[in-house]
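So you can see what is in the structure, the chains are spelled out below.
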Amino acid sequence: MMTRRQRIIKLLEERDYSPSELALALELRGRGAKKTVLEDLKAIQKTLKREGKVLLIKPAECRKCGFVFRPEINIPSRCPKCRSEWIEEPRFKIEAR
């Protein structure tokens, strides 16, 4: 049986996922599902460095004005440019260096 983080790594090696998609794939439900996934991604990023792999991050983007956020492991709540809350979640993928 694989741990949740091992399952996340396996999924991200196949294709890119958003935190919401990962929560669904792992059958995590409830208010803290995305937060749990983000915490796991931060830990996974450190683990991957030792294995010679890298966690690629496609940054979050405002769907209203197109503002692109910094590539980091979090989900912004509001656009600093237009104040819209219509934000496309960041996407993550694992690749070998």
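Residues numbered from 1 in each chain as written. Predicted model: local features only at pLDDT ≥ 70, side-chain atom pairs only at ≥ 80, totals over all residues. Heavy atoms only, no water.

Visitor: Before we go on, may I ask you to explain unusual backbone geometry in this structure?
Guide: Peptide bonds are, in most cases, trans, and in most cases residues other than glycine have a negative phi. Not every positive phi belongs to a glycine, and E27 is a case in point at roughly 60°. As for its position among the elements, E27 is in the loop between α2 (19-25) and α3 (33-51). Its relative accessible area of 62% is what places E27 among the exposed residues. Positive phi outside glycine occurs at R83, with the angle close to 70°. Mapping R83 onto the fold places it in the loop between β2 (61-62) and β3 (87-88). (Helix = DSSP H or I, 4+ residues; strand = E, 2+ residues; numbered from the N terminus. Buried < 20%, exposed > 50% of the residue type's maximum accessible area, 1.4 Å probe, protein only.)

Visitor: Help me understand the packing of helix α1 (residues 4-14) against α3, please; the structure alone is not making it clear to me.
Guide: Relative orientation and spacing of two packed helices are given, respectively, by the angle between their axes and the distance between those axes. As a packed pair, α1 and α3 sit with axes 10 Å apart at the nearest point and diverge in direction by 80°. Judged by the inter-axis angle, α1 sits roughly perpendicular to α3. Along its contact with α1, which presents R4, R5, I8, I9 and L12, the element α3 presents T36, E39, D40, L41, A43 and I44. For the contact of α1 with α3, the residue count by class is six nonpolar, one polar and four charged. (Axes fitted to C-alpha atoms, helices over the stretch in contact; angles between N-to-C directions. Parallel < 35°, antiparallel > 145°, perpendicular 65-115°, else oblique. Contact = heavy atoms within 4.5 Å. Nonpolar A, V, L, I, M, F, W, Y, C, P; charged D, E, K, R; others polar.)

Visitor: What is the right way to read the environment of Y17 from this model?
Guide: Within the secondary structure layout, Y17 lies in the loop between α1 and α2. A relative accessible area of 8% places Y17 in the buried class. Along the primary structure Y17 and P90 are separated by 73 residues, whereas in three dimensions their C-alpha atoms are 8.4 Å apart. Every residue in contact with Y17, bar those within four places of it in the chain, is listed here: L11, L12, L22, P90, R91 and F92.

Visitor: What am I meant to see in the environment of R4 here?
Guide: Within the secondary structure, R4 sits in helix α1. Judged by relative accessible area, which is 35%, R4 ranks as partly exposed. It is 14 Å that separates the C-alpha atoms of R4 and T47, two residues lying 43 residues apart in sequence. If near-sequence neighbours (up to four positions away) are discounted, R4 is found in contact with L26, L28, T36 and D40. A polar contact is formed between the side chain of R4 and the side chain of D40, at a distance of 2.5 Å. (Polar contact = N/O pair within 3.5 Å; in protein donor to acceptor, adjacent residues only side chain to side chain.)

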